[in-house]
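As a plain string of letters, each chain reads:
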Amino acid sequence: MAALFRGSRNLLLRWNKHVNLTSVSTRSMASKTPVGFIGLGNMGSPMARNLLKNGYPVIATDVFPESCKELQDLGAQVVDSPSEVAEKADRIITMLPSSPNVIEVYTGPNGILKKVKKGTLLIDSSTIDPAVSKEMAVAAEKMGAVFMDAPVSGGVGAASLAKLTFMVGGVEEEYNAAQELLTCMGANVVYCGQVGTGQAAKICNNMLLAIGMIGTAETMNLGIRLGLDPKLLAKILNMSSGRCWSSDTYNPVPGVMEGVPSANNYQGGFGTTLMAKDLGLAQTTATNTKTPIPLGSLAHQIFRVMCSRGYANKDFSSVFQFLREEEGQ
C-alpha cells in the first residue's frame, strides 16, 4: 500500500512539474511580444535596456534621435514617432520630463492615441501632475486602451541596476499585467490605488527628498566650517539619528562618496530643473488641497533660485555647492 502511495505521489509530482513548466512556457511566449518605450533620457534609457536584458523586444523612440543609438545597437527597433510605436506594440511605457511632454506624446498629432490599438496597456513612468494622469486615462479609455501611472524613485543608479521603486495608480485588474514589465526594471512595485495615486505618492516622496537633501547639505557645510572632516561627519551622521538617504547613499559633498554625482562635478543623476518641477507640482497640489507645506515651499524656492544661478543642469545635490557659494557673497 505504501509503495502504491509513493508511486501515485511521484506521478502527481511529475504531473505538477509538467503543468508548471507549461504555464511558465506560456508566460514566456507572451513576454516575447514587443514592448514600446518612449523617452530615452537619463532614466528611460537604462529602463529600456533592462527590458531588453529580460528578453523583451523593444520598439523605441525619442524626440532626440541620437538618444536611440545605444539602444538600437543593443537590438531595439527604433521608429520615428509615438504613433508608430503604438502601431507596433500593445504594451507601451513612457518616461518623459513633464506634464506638457506627456500630453504631447499621448494626444499630439503624432501621439500614441492616434494609432493605439484597443486593449493596449499604457504605463507612464513620468512624474507629472496627477490631474494630467487622470486626463490621459480618460482619453485612453475612449480609444479602448488602459492608462496607468507608474512614476519611479531611486535615480539613475537604481534604474541601471533594475532596483527602482514603482508607485502604480490605475485599474486594479490591470495591475498584474503592468507588474510583469515593471519588475524587470525595479525591485519594488507598489499598487497605490486609482489613476493619479502613483503620482501623488511620488510627489510626496520627492518633496521629502528635496527637504532632506537641503538639510544634509546645510549640516555638512556647517560641520566643515566647524573643522570636522566631511567623511568623519558623514560616518557619524550615518550611525546616528540624523541618518537619511541623502547622507548615506547620495552624499552631496565631493570626496565623501564614490559613484554619486557629487564625485563627478554634479553631472548625471537627477537634475535641479526636474527637482524644481516636482516641487512645483507639490506646491500646486498643496494649494489645491489647502495643505500647509512650509518646508516644501521653501525647498521649491531654493531650487528655483539655483536654476537661475547656473545649476539648472546639475544634479540636485549641487545645493551643497550653491550654499557654499552663497556664504561667500
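Residues numbered from 1 in each chain as written. Predicted model: local features only at pLDDT ≥ 70, side-chain atom pairs only at ≥ 80, totals over all residues. Heavy atoms only, no water.

- As recorded in an unreviewed UniProt entry, the chain goes by the name 3-hydroxyisobutyrate dehydrogenase, listed as coming from Seriola dumerili.
- Per its UniProt entry, the chain bears the Catalytic activity (unreviewed entry) comment "3-hydroxy-2-methylpropanoate + NAD(+) = 2-methyl-3-oxopropanoate + NADH + H(+)". (UniProt positions renumbered as here; feature names shortened; annotations may be inferred.)

### Observations concerning the overall build of the chain
Argument step 1. When helices and strands are counted, the chain shows 15 helices and nine strands.
Argument step 2. Here the chain holds 329 residues, and the buried ones make up 44% of them.
Argument step 3. Counting only carbon and sulfur atoms, one obtains 57% of the accessible surface of the chain, whose full area is about 16500 Å². (Helix = DSSP H or I, 4+ residues; strand = E, 2+ residues; numbered from the N terminus. Buried < 20%, exposed > 50% of the residue type's maximum accessible area, 1.4 Å probe, protein only. Areas by Shrake-Rupley, 256 points an atom, 1.4 Å probe, with all protein chains shown as cover.)

### Quick notes on the layout of surface pockets
Argument step 1. When its volume is computed, the second largest pocket comes out at roughly 160 Å³.
Argument step 2. Ala200, Ile203, Cys204, Met207, Ala282, Thr285, Ala286, Thr289, Thr291 and Ile293 together form the lining of the second largest pocket.
Argument step 3. Among the secondary structure elements, those contributing two or more residues to the lining of the second largest pocket are helix H10 (197–225) and helix H13 (272–288).
Argument step 4. The element best represented in the lining of the second largest pocket is H10, accounting for four residues.
Argument step 5. Split by residue class, the lining of the second largest pocket holds seven nonpolar, three polar and no charged. (1 Å grid on protein atoms, 1.4 Å probe; cavity = no way out; pocket = protein on both sides within 12 Å on 5 of 7 lines; lining within 4 Å. Points joined across faces, edges and corners; volume = space filled by probe spheres on them. Nonpolar A, V, L, I, M, F, W, Y, C, P; charged D, E, K, R; others polar.)

### Structural notes on the packing of H10 against helix H15 (residues 319–327)
Argument step 1. Packing of H10 against H15 leaves a shortest axis separation of 9 Å and a crossing angle of 50 degrees. With respect to each other, H10 and H15 are oriented oblique. In this structure, H10 meets H15 at a crossing whose hand is right-handed. Between H10 and H15, the residues in contact are Met213, Ile214, Ala217, Glu218, Met220, Asn221, Ile224 and Arg225 and Val319, Phe320, Leu323, Arg324 and Glu327, respectively.
Argument step 2. Of the residues contributing to the contact of H10 with H15, the split by class is eight nonpolar, one polar and four charged. (Axes fitted to C-alpha atoms, helices over the stretch in contact; angles between N-to-C directions. Parallel < 35°, antiparallel > 145°, perpendicular 65-115°, else oblique. Left-handed = near helix turned anticlockwise from the far one by under 90°. Contact = heavy atoms within 4.5 Å.)

### A few points about a nonpolar patch on the surface
Argument step 1. On the surface, a cluster of nonpolar side chains totalling about 230 Å² of accessible area is made up of Leu228, Leu232 and Ile236.
Argument step 2. In this structure, Ile236 sits in helix H11 (residues 230–238).
Argument step 3. On the basis of relative accessible area, Ile236 is assigned to the partly exposed category, the value being 39%. (Patch = residues over 30% accessible without salt bridge, like charges linked within 9 Å, V, L, I, M, F, W, Y side chains within 5 Å. Salt bridge = Lys/Arg side-chain N within 4 Å of Asp/Glu carboxyl O.)

### Considering the side chain of Thr120
Argument step 1. Within the secondary structure layout, Thr120 lies in the loop between helix H6 (112–115) and strand S5 (121–124).
Argument step 2. Residue classification places Thr120 among the buried residues on the basis of a relative accessible area of 0%.
Argument step 3. A polar side-chain atom of Thr120 sits 2.7 Å from the main-chain carbonyl oxygen of Lys117.
Argument step 4. Discounting residues that sit within four places of it in the chain, Thr120 has contacts with Ala89, Asp90, Arg91, Ile92, Gly144, Ala145 and Val146. (Polar contact = N/O pair within 3.5 Å; in protein donor to acceptor, adjacent residues only side chain to side chain.)

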